[in-house]
Amino acid sequence: MSVHCREKLLLLYRRYQSYVTKNPAATAQLEGTVRTLSYLIAGRFADSHELSELVYSASNLLVLLNDGILRKGLCRSLPMSLSQQKLLMWLTVLEYVEVFTEMGAAKLYGERCRWVVIILIQLAKAVLRILLLFWYKAGIQTSPPISPLDREMHLGCKEDEDEDEALSEGPAFVGQRSGRVMRSLSSTPSFQSRHWGAPQHDNPPRRPEEELLQPPTHLGLQETIAESLFIARPLVHLLGLGVCGSRSWKPWIISGILDITNLSLMNDPKRLNRRERAEMRRRAFLLLYYLLRSPFYDRYSQTRIMFLLRLLADYVPGVGLVARPLLDYLPVWQKVYFYNWG
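Residues numbered from 1 in each chain as written. Predicted model: local features only at pLDDT ≥ 70, side-chain atom pairs only at ≥ 80, totals over all residues. Heavy atoms only, no water.

1. Some words on the overall build of the chain
Condition: Secondary structure elements are defined from DSSP: runs of H or I of at least 4 residues count as helices, runs of E of at least 2 residues count as strands, and each element is numbered from the N terminus. Burial status follows relative accessibility: with a 1.4 Å probe on protein chains alone, a residue under 20% of its type maximum counts as buried, one over 50% as exposed, and anything between as partly exposed. Should any heavy atoms of two residues lie within 4.5 Å, those residues are considered in contact. The Shrake-Rupley method, run with a 1.4 Å probe, gives the accessible areas here. Residue values count only the displayed protein chains as cover.
Scanning the chain from terminus to terminus reveals 13 helices and two strands. Residues counted as buried form 35% of the 342 residues belonging to the chain. Considering only contacts within the chain whose residues lie at least 6 apart along the sequence, 74% involve residues at least 24 apart. As presented, the chain carries roughly 21400 Å² of accessible surface, and 63% of it is formed by carbon and sulfur atoms.

Now the structure itself:
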């Protein structure tokens, strides 16, 4: 019975793989619909925040699954070993489901179970990142570890390759009197990828994936220490909360010092590739989150932010459509650990 069910599931998955490979546009539309649904659910009824986060996590996992299928179909796998890909996959899955897992644990089993889940997830993420940094020399860890596939660019590149292959197999027709170059019917590309010009045999197709899938930048001793501080910061913060309590300033200050030190120890950002530079900019931007993190938020930011949002919602036309939902959701957002410190 189990073997029969396994064969059915395998057949169903193969059909799904075939559908995703043949219909990437419809797949992207499905992903966008699921993500939009998560935004519409939030705040509509009791337990809507948990359900909204479940749908949002499911949409991210769906994108991850479909990207893996499309990469196989396009023969553009990640430039790394299979074991490293598995570590990155698990790390990406943890980042996608951590918020829902925390909210679900708090809802079902209470605060103590919530903190146990938070500690276990942060420990698992730290172990995976340490393996990637020291064993696989993966360099700077980005978020998410596996970036979503740029569907338009990669699929467009694939269509250009197919077009050039068709042109090479079926030569273009050249008029004897006019000298005009025309494609043969057998070498006509798909309607979406036509550029309505003469075939260009001299210009090779662009390879955008070569720029995006660059190898990680080699980190020296100082950069390795900086990345190690980044990996250790969540665990140090949790330890500080356990020792000093959630109302103490010490975990907040120590965490901020580690984040600033991590950024300052990176010597030359110009050496980094495009993806790593974007990650460093993201980390610098996340320093603003300290304004929303307790105890600074409870003592200084909360009243000012709430006053500003109410002022904008009441006196600036159109802004209330965004400001009022933020007023309702900000208290919920601030209480979720992985929203603030993840």
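The rest of the description comes next.
2. A short note on the nonpolar core
Let me state the cut-off plainly: Remark: nonpolar core denotes a set of buried residues (Ala, Val, Leu, Ile, Met, Phe, Trp, Tyr, Cys) joined through side-chain atoms within 4.5 Å.
Ranked by internal contacts, the top residues of the largest apolar core, which has 24 residues, are Val-99, Tyr-337 and Phe-338. For this core, the secondary structure elements donating two or more residues are helix H4 (82-109), helix H5 (111-135), helix H8 (221-244), helix H11 (296-315), helix H12 (320-335) and helix H13 (337-341).

3. Re the environment of Gln-84
Within the secondary structure layout, Gln-84 lies in helix H4. Here Gln-84 falls in the buried class, since its relative accessible area comes to 10%. The sequence separation of Gln-84 and Tyr-136 amounts to 52 residues, and the corresponding C-alpha distance is 7.1 Å. In contact with Gln-84, not counting residues within four places along its chain, are Leu-132, Tyr-136 and Ala-138.

4. Quick word on H11
For the record, the criterion: Multiplying one less than the number of residues by 1.5 Å gives the expected span of a helix.
Here H11 contains 20 residues, and its C-alpha end-to-end distance of 28 Å stays within 8% of the 28 Å for a straight helix at 1.5 Å per residue. Among the structural elements, H12 are those in contact with the buried residues of H11.

5. So, the packing of aromatic side chains
Rule in force here: Pairing of aromatic side chains here covers Phe, Tyr and the six-membered ring of Trp, requires ring centres within 6.5 Å, and sorts the geometry by plane angle: under 30 degrees stacked, over 60 edge-to-face, intermediate tilted.
In the structure shown here, the tally under the stated rule is 13 aromatic pairs. Where Trp-249 meets Phe-296, the ring centres are 6.4 Å apart and the plane angle is 90 degrees; that geometry is what we call edge-to-face. With Trp-249 in the loop between H8 and helix H9 (250-264) and Phe-296 in helix H11, the pair connects residues that are 47 residues apart, well separated along the chain. With a relative accessible area of 23%, Trp-249 lands in the partly exposed category.

6. Overview of the side chain of Thr-217
Within the element layout of this structure, Thr-217 appears in the loop between helix H7 (208-212) and H8. The class of Thr-217 is buried, set by a relative accessible area of 11%. Excluding its chain neighbours within four sequence positions, the residues that come into contact with Thr-217 are Gly-139, Arg-271, Leu-272, Asn-273 and Glu-276.

7. Thoughts on the side chain of Thr-142
Filter applied, for reference: Here a polar contact is taken to be a pair of N or O atoms separated by no more than 3.5 Å, where protein atoms must pair a possible hydrogen donor with a possible acceptor and residues adjacent in sequence count only if both atoms sit in side chains.
Along the chain, Thr-142 turns up in the loop between H5 and helix H6 (151-169). There is a polar contact of 3.4 Å between the side chain of Thr-142 and the backbone oxygen of Pro-144. For Thr-142, the side chain forms a polar contact with the side chain of Arg-275, separated by 2.9 Å. Other than its neighbours up to four places away in sequence, Thr-142 contacts Arg-275 and Glu-279.

8. Details of a nonpolar patch on the surface
What counts, and what does not: For patches, a residue must show more than 30% relative accessible area and have no salt bridge; joins then use 9 Å for like charges and 5 Å for nonpolar side chains, namely Val, Leu, Ile, Met, Phe, Trp and Tyr. The rule for a salt bridge is simple: a side-chain nitrogen of Lys or Arg has to be within 4 Å of a carboxyl oxygen of Asp or Glu.
There is a patch of nonpolar side chains on the surface, built from Phe-307, Leu-308, Leu-311, Leu-312, Tyr-315 and Val-316 and spanning about 600 Å² of accessible area. Tracing the sequence through the fold places Leu-311 in helix H11. Judged by its relative accessible area of 38%, Leu-311 is partly exposed.

9. Quick notes on unusual backbone geometry
It is generally the case that most residues other than glycine have a negative phi and that most peptide bonds are trans. Look at the link from Ser-143 to Pro-144: it is a cis peptide, with omega at -5 degrees. Along the chain, the position of Pro-144 falls in the loop between H5 and H6. Looking along the chain, the bond that leaves Ser-294 and enters Pro-295 is cis, with omega of 10 degrees. Mapped onto the elements of the fold, Pro-295 is located in the loop between helix H10 (274-285) and H11.

10. Examining the pattern of salt bridges
Applying the stated criterion across every chain, the model contains 10 salt bridges. Among the salt bridges present, the one from Arg-283 reaches Glu-227, with a minimum N-O distance of 3.0 Å. Residue Arg-283 is located in helix H10, and its partner Glu-227 is located in helix H8; the two are separated by 56 residues in the primary sequence. Here the two residues Arg-283 and Glu-227 agree in accessibility, since each one is buried. The residue Asp-259 makes a salt bridge to Arg-233 at a minimum N-O spacing of 3.5 Å. One end of the pair, Asp-259, is in helix H9; the other, Arg-233, is in helix H8, with 26 residues separating them in the sequence.

11. Some remarks on the packing of H5 against H8
Going by this rule: Working convention: axes come from line fits to C-alpha atoms, limited for helices to the stretch in contact. Angles between N-to-C directions cover 0 to 180 degrees. What sets the label is the angle itself: under 35 degrees gives roughly parallel, over 145 gives roughly antiparallel, 65 to 115 gives roughly perpendicular, and the rest give oblique. A crossing counts as left-handed when the near helix is turned anticlockwise from the far one by less than a right angle, and as right-handed when that turn is clockwise.
Here H5 crosses H8 at 165 degrees, and the two axes come no closer than 10 Å. Classified by the angle their axes make, H5 and H8 are roughly antiparallel. Judged by the sense of rotation from one axis to the other, the crossing of H5 with H8 is left-handed. Every residue of H8 that contacts H5 at Trp-115, Ile-118, Ile-119, Gln-122, Leu-123, Ala-126, Arg-129, Ile-130, Leu-133 and Phe-134 is listed here: Thr-224, Glu-227, Ser-228, Phe-230, Ile-231, Pro-234, Leu-235, Leu-238 and Leu-241.

12. Comments concerning the packing of H8 against H9
In plain terms, the rule: In the scheme used here, Gly and all other residues not listed as nonpolar or charged are polar, with Ala, Val, Leu, Ile, Met, Phe, Trp, Tyr, Cys and Pro taken as nonpolar and Asp, Glu, Lys and Arg as charged.
For the pair H8 and H9, interaxial distance at closest approach is 9 Å and the crossing angle is 180 degrees. Looking at the two axes, H8 sits roughly antiparallel to H9. Along its contact with H8, which presents Ala-226, Glu-227, Leu-229, Phe-230, Arg-233, Val-236, His-237, Gly-240, Leu-241 and Cys-244, the element H9 presents Lys-250, Pro-251, Ile-254, Ser-255, Leu-258, Asp-259, Thr-261 and Asn-262. Within the contact of H8 with H9, the residues separate by chemical class into nine nonpolar, five polar and four charged.

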